[in-house]
Amino acid sequence: MRMPPLVQTYLMPEVSAVKFAIKTTLAMMIALYLALWFNLDRPYWALISAAFLQIRPMSGMVIEKGICQISGTLIGATAGIIIMALFAQARVPALITLTLWIMLCTYVGSLWRNNYTYGCLMAAVTAMLIVVISNGSTPGGIFDIAVARLSELGLGAICATLVSSLLWPSRVGKHLSDQADTVINEAFENAALRLEASDDIPAMQKALRGSLGPLTVLETDSQAARFEGPEGPGRIRATHVLTRRTLRFLANLQALHQMLHDHADKLDPRSIEIARRVAQGFREAEHVKGVPKARQELQDLRHLVHESDEEGMAPLDRRARLGLRESIGHAMVMLDAREAIASPGTHKLRSASLAWHRDHLAAGINAIRSGLVFGTLATFWILTAWNSAMVAMLLGTLFSSFFASRDNPVAITMMFYKGMLAAIPSAFLFGHVLLSQAHGFPMLAMLFGTPLFLGLLGATNPATMGYCLAFTIFNILLTMPGNNMDFSFDSFANRAVAVIIGLTCVAMGFRLLPGLGTRLRRRRLINAISRDIRHLRRRSIRDAETRFSGHMADRILQLAQHDDMLPEDQRHLFILGLTGLDLGTATLRLRDRLDDAPHPLIRRAHRQLLRALASGFEESANGRQPQGIREAGQRLDEAIAAHGNVPADRRVLLEGLVERLELALERLGRIMAERPGIKPAAQASEPATS
């Protein structure tokens, strides 16, 4: 019988979890000792700062987050000082301006996917603390409060960075290598299933998500490698190469699976047999140990496909054989990128960073929610004149922004709520009853550090992280250790009530304004993909690929997560995303070969084909059959035959590519027309996001 995650975490903790808890508790205790020694006003902020920085304890990640934290704190302190300079004697205008600032920070943070989001969060929280605490203070007092907040947060960041670097250091490079292994193994499993023309859609989706999820994490986290010595930039470039090639690889596999599964009657049986042998080769490459052996497996597959080419094959057969060779080539580059991530000196790879999908409407909703939560709590503070309401305002600002960028903020908020409720008796026992009898810092550290250590031990397990991280943070906020602590029950009860009110407002905010609905999100993602495909012909090839690859990695992962929430017979968005990725990759390939065609008639026919493909995707995504693709392909073929010096086999490949894309879009149109909520006759009108 399998034990519950919480029980397993504490009865059989992993070594890495124990090390993490020891490191983070030690960093927090050092920060607390120094904050008490320097007689800082609110030492508990140094504790919270150290805890947040150690959530992902890789050395480069801690340094990057520390820089973002200090930068965000500086920006927030500046904003808070400016607000108070303008409205020092006008509390309501100051709070209105502060609300707008918090909304701006939440909006900008929602558009990013890395530690810059944390910097935006700290900019909002720091400004809030300065404005609320400085109410009625003199200009000199406002500046002192800003300096105090910077000192407390900066002290926590420094302690977390030093402990992370010196005690059981964990490096981003190792983390990136592990993620790259997962990306490649899952991608190869997906390749084997698709080339076998499998009917097991859940297994293919699982393998694809298993590759795309770590790929997104890999691309986001790779930026922290720059803080781990001169090899960092090489790892970053290798990560970009792996991301690009993996997406091309997945797009090829989607196209090949459609041909092998839906149009096997149009293919030579030998092509199907070769695809199955390649599938077995990918499965063997996945299980061999080491990159050199896996690369040798793929090299043998490439020779197998190349030797099987024959003259006079049908265009679709030629396209299938070329697709197999291209997939193997992408897989070999993926292995090179994996080797370069682990050992940057062995390979010199070059690639620009990717652009991520940014939904400005979703960011705007997050900003409005944060403004409403803070505005409600600020109004409550003004009407009641309750000092502890500041704690509720702090939590409203912190968590309404922090949870907004998570996949399921309502569930996470409820996990934190339960962790907060568990922290109330713990903080009362350890932080008030026992701590009131303690003398000296060693006794304080032993008593107060016990619940922190227990909370951090459970925070390493994804299944219990929300509960345990909340347990740790709320133990700090309910105790508020300092040189002049108030151990009265009234003080503790006020803080407990304020914490409950603050987190309740956050939970209500996410329930009343949950974000984009599923249908609206679907329409916006469809139109965003359509818009990017149309724009592929308007930018340089390099810039177009950079934007398209990053956007599609993010969108396909969102579409996969959305499909998981639907019944099995309604899952279709994943197919839509893969078809869009396939079409975009084919568009870039056509541009690479025909953008510089010597004759204007070829270039014009080429542009007409690209427009027909972009329009075809939009029609198919809305449940209609694509029009004009085959005709545009024939015009391009005729223009090349009349005015271009192109070998016949290249023209056959072009014909096969156009036929394959038309079949893919026709299939997508049929699938979308059968799904609920799709109106085939309607024209898309929702503006796309970029």
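Residues numbered from 1 in each chain as written. Predicted model: local features only at pLDDT ≥ 70, side-chain atom pairs only at ≥ 80, totals over all residues. Heavy atoms only, no water.

Engineer: How should the overall build of the protein chain be read in this particular structure?
Structural biologist: The helix and strand inventory of the protein chain stands at 25 helices and 0 strands. Over its C-alpha trace the protein chain gives a radius of gyration of 29 Å, about what one expects of a compact globule, namely 26 Å for 690 residues. Along the longest, intermediate and shortest principal axes, the C-alpha atoms of the protein chain span 90 × 50 × 50 Å. When burial is assessed residue by residue, the protein chain has 57% of its 690 residues classed as buried. In the protein chain, the proportion of contacts linking residues at least 24 apart, taken out of those at least 6 apart, comes to 80%. (Helix = DSSP H or I, 4+ residues; strand = E, 2+ residues; numbered from the N terminus. Rg over C-alpha atoms; globule rule 2.2 N^0.38 Å. Buried < 20%, exposed > 50% of the residue type's maximum accessible area, 1.4 Å probe, protein only. Contact = heavy atoms within 4.5 Å.)

Engineer: Sorry, what's going on with the pattern of salt bridges here?
Structural biologist: Where charged atoms from two side chains of opposite charge approach closely, those side chains can pair. Applying the stated criterion across every chain yields a total of 17 salt bridges. Arg295 is the partner of Asp336 in a salt bridge, and the nearest nitrogen-oxygen pair spans 2.9 Å. In this pair, Asp336 is assigned in helix H13 (residues 315-342) and Arg295 in helix H12 (residues 291-307), connecting sequence segments 41 residues apart. Its relative accessible area of 16% is what places Asp336 among the buried residues. The exposure class of Arg295 is partly exposed, given its relative accessible area of 31%. Between Arg319 and Glu326 there is a salt bridge whose closest N-O contact spans 3.2 Å. Of the two residues examined, Arg319 and Glu326, each falls in the buried class. (Salt bridge = Lys/Arg side-chain N within 4 Å of Asp/Glu carboxyl O.)

Engineer: Hey, could you run me through the confidence of the model for the protein chain in this one?
Structural biologist: Fine structural detail should not be taken from predicted coordinates in areas where pLDDT scores are low. Model confidence for the protein chain is summarised by a mean pLDDT of 83, while 91% of its residues fall at 70 or above. Taken as a whole, residues 681-690 scores under 50 in pLDDT and shows 28 contacts with residues more than four places along the chain or in a different chain. (pLDDT = per-residue confidence, 0-100.)

Engineer: I tried to follow the environment of Ala470 on my own but got confused; where do I start?
Structural biologist: Mapped onto the elements, Ala470 comes out in helix H18 (residues 465-479). In the structure, Ala470 is positioned 141 residues away from Gly329 in sequence and 47 Å away in space, judged by C-alpha atoms. Ignoring any residue separated from it by four or fewer positions in sequence, one finds Ala470 in contact with Phe416, Gly419 and Met420.

Engineer: Explain the environment of Pro481 here, please?
Structural biologist: Here Pro481 is to be found in the loop between H18 and helix H19 (489-512). Since its relative accessible area comes to 2%, Pro481 is described here as buried. Contacts of Pro481, omitting those with residues within four sequence positions, involve Leu32, Pro43, Tyr44, Leu47, Phe448 and Ile476.

Engineer: Explain a nonpolar patch on the surface here, please?
Structural biologist: On the surface, Phe428, Leu429, Val433, Leu434 and Phe489 cluster together to form a nonpolar patch covering roughly 410 Å² of accessible area. Within the secondary structure layout, Leu429 lies in helix H16 (residues 409-434). (Patch = residues over 30% accessible without salt bridge, like charges linked within 9 Å, V, L, I, M, F, W, Y side chains within 5 Å. Areas by Shrake-Rupley, 256 points an atom, 1.4 Å probe, with all protein chains shown as cover.)

Engineer: Just to check I follow, could you spell out the packing of aromatic side chains for this structure?
Structural biologist: For the structure on display, the rule yields 18 aromatic pairs. Aromatic side chains Phe380 and Trp386 sit 6.1 Å apart centroid to centroid with 90° between the ring planes, which places their arrangement in the edge-to-face category. The exposure class assigned to Phe380 is partly exposed, which follows from its relative accessible area of 29%. Plain terms: the ring middles of Phe428 and Phe489 are 5.9 Å apart, the flat faces sit at 90° to each other, and that makes the pair edge-to-face. Of this pair, Phe428 sits in helix H16 while Phe489 sits in helix H19, and the two are 61 residues apart along the sequence. A relative accessible area of 31% means that Phe428 is categorised as partly exposed. In this structure, Lys65 packs its charged tip against the face of Tyr118, placed 5.6 Å from the ring centre. Above the ring of Trp381, the side-chain terminus of Arg91 is found at 5.3 Å from the ring centroid. (Phe/Tyr/Trp six-rings, centres within 6.5 Å; stacked < 30°, edge-to-face > 60°. Lys NZ or Arg CZ within 6 Å of the ring centre and 35° of its normal.)

Engineer: How should I be thinking about the state of the cysteines in this particular structure?
Structural biologist: Here, disulfide denotes a covalent bond that connects the sulfur atoms of two cysteines. Following the criterion strictly, the structure yields 0 disulfides and no others. This cysteine, Cys68, is not joined by any disulfide, and Cys120 carries the nearest cysteine sulfur, 8.8 Å off. Sulfur of Cys159: no disulfide; nearest cysteine sulfur belongs to Cys68 and is 19 Å away. (Disulfide = S-S within 2.5 Å.)

Engineer: I'm lost on the packing of helix H9 (residues 201-221) against helix H10 (residues 232-262) in this one. Help?
Structural biologist: Helix-helix packing is described using two parameters, namely the angle between the two axes and the distance between the axes. The N-to-C vectors of H9 and H10 enclose an angle of 160°; their axes lie 10 Å apart at closest approach. Considering their axes alone, H9 and H10 lie roughly antiparallel with respect to each other. The hand of the H9/H10 crossing is left-handed. Listed contacts from H10 to Met204, Leu208, Ser211, Leu212, Leu215, Leu218 and Glu219 of H9 are Thr239, His240, Leu242, Thr243, Thr246, Leu247, Leu250 and His257. Within the contact of H9 with H10, the residues separate by chemical class into 8 nonpolar, 6 polar and 1 charged. (Axes fitted to C-alpha atoms, helices over the stretch in contact; angles between N-to-C directions. Parallel < 35°, antiparallel > 145°, perpendicular 65-115°, else oblique. Left-handed = near helix turned anticlockwise from the far one by under 90°. Nonpolar A, V, L, I, M, F, W, Y, C, P; charged D, E, K, R; others polar.)

Engineer: Help me understand the packing of helix H5 (residues 91-110) against helix H14 (residues 360-384) in this model?
Structural biologist: Across the interface, H5 lies against H14 with an axial gap of 8 Å and an inter-helix angle of 150°. Classified by the angle between their axes, H5 and H14 sit roughly antiparallel to one another. H14 is crossed by H5, and the crossing has right-handed handedness. Contact residues: H5 offers Arg91, Val92, Leu95, Leu98, Thr99, Ile102, Met103, Thr106, Tyr107 and Ser110, while H14 offers His360, Ala363, Gly364, Asn366, Ala367, Ile368, Ser370, Gly371, Phe374, Ala378, Trp381 and Ile382. Of the residues that constitute the contact of H5 with H14, the class distribution is 13 nonpolar, 8 polar and 1 charged.

Engineer: Would you mind going over unusual backbone geometry with me for this structure?
Structural biologist: Most peptide bonds adopt trans geometry, and most residues besides glycine take a negative phi value. Despite not being glycine, Asn39 has its phi angle at roughly 60°, a positive value. Along the chain, the position of Asn39 falls in the loop between helix H2 (15-37) and helix H3 (44-53). Non-glycine residue Met480 carries a positive phi angle of around 50°.

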